[in-house]
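Working through the structure, step by step
In case you want the letters, here they are:
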Amino acid sequence: MRRRGPWSLPNLLTYGRIVAIPALVALLFWPRDDWMRWIALAIYVAAAVTDYLDGWIARAWSQHSAIGRMLDPIADKLLVCALLLMLVADGTIYGWSLWAAIVILCREILVSGLREFLAELKVSVPVSKVAKWKTTAQLLALGFLVAGPAGDKVLPYNTQIGIVMLWFAAILTIYTGWDYFNAGIRHLVDEDERAS
């Protein structure tokens, strides 16, 4: 139960989330097929649940590992970015809502680059409470949008709910992106001063 390392349960859940990504992409190649949408939603919900479970199990069972700390945020970003691209490609996200998707994608790249640079300086950037809310908002928005037109037949305005939540996630994304950058900028300035 307390096994650590690459084959611990939290890491297996993270691997499962990564494996789910190509399956979701394949299913969304048939965006007008309701059954494909529902299967994609089921896989997506399972992947989103593992995002919560892997961290909870790692803490509860003391199964923290270096590979888990590295892969968990990568799995999250891969899942979000792949789904945003597919939902834009199939027209679920369109028009002005493309800006919300662009903001989210750009923030993920910005924060990843900043974390990579700060890691070289041995500086850790902790995840804030607002960043956790942002992740939750993104996951919920994407759930509604993955259901898309199939969901509209069950829940009126399903896609519109997803779009509104995507904008909410984008606003939180801007805030948390600035928060991370602001926290890291001091280390960037200090590094330049030491180099000069």
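Okay, so let's go over this structure. (Residues numbered from 1 in each chain as written. Predicted model: local features only at pLDDT ≥ 70, side-chain atom pairs only at ≥ 80, totals over all residues. Heavy atoms only, no water.)

**Structural notes on the nonpolar core**
With 34 residues, the main nonpolar core has Y44, L83, L84, I93 and L166 as its most contacted residues. Elements represented by at least two residues in this core include exactly α1 (9–27), α2 (34–60), α3 (66–89), α4 (97–120), α5 (129–152) and α6 (158–195). Among the elements that line this core, the one with the most residues is α5, at eight residues. Once residues within four sequence positions are removed from consideration, L84 is found in contact with I93, A101, I104, L105, L142 and L166. Listed in part, the five residues of the second largest apolar core include V111, L114, L118 and Y180. (Core = buried A, V, L, I, M, F, W, Y, C linked by side-chain atoms within 4.5 Å. Buried < 20%, exposed > 50% of the residue type's maximum accessible area, 1.4 Å probe, protein only. Helix = DSSP H or I, 4+ residues; strand = E, 2+ residues; numbered from the N terminus. Contact = heavy atoms within 4.5 Å.)

**Description of the side chain of K134**
The topology assignment puts K134 in helix α5. According to the relative accessible area criterion, K134 is buried, its value standing at 4%. Sequence-distant contacts of K134, that is, excluding residues within four places in its chain, are made with R107, E108, A169, L172, T173 and T176.

**So, the pattern of salt bridges**
Tallying each qualifying case throughout the model produces seven salt bridges. Between D76 and R17 there is a salt bridge, with the nearest N and O atoms lying 3.0 Å from each other. Of this pair, D76 sits in helix α3 while R17 sits in helix α1, and the two are 59 residues apart along the sequence. Two residues, K77 and E108, come together in a salt bridge whose shortest N-O distance is 3.4 Å. Of this pair, K77 sits in helix α3 while E108 sits in helix α4, and the two are 31 residues apart along the sequence. Pair check on accessibility: K77 and E108 agree, each one buried. (Salt bridge = Lys/Arg side-chain N within 4 Å of Asp/Glu carboxyl O.)

**Here we look at a nonpolar patch on the surface**
Together, W35, W38, I39, V154, L155, Y157 and I161 line one region of the surface with nonpolar side chains, adding up to about 760 Å² of accessible area. Broken down by element, the residue count for the nonpolar patch peaks at three residues, all from α2. When you line up the elements, W35 lands in helix α2. Note on W35: relative accessible area 65%, which makes it exposed. (Patch = residues over 30% accessible without salt bridge, like charges linked within 9 Å, V, L, I, M, F, W, Y side chains within 5 Å. Areas by Shrake-Rupley, 256 points an atom, 1.4 Å probe, with all protein chains shown as cover.)

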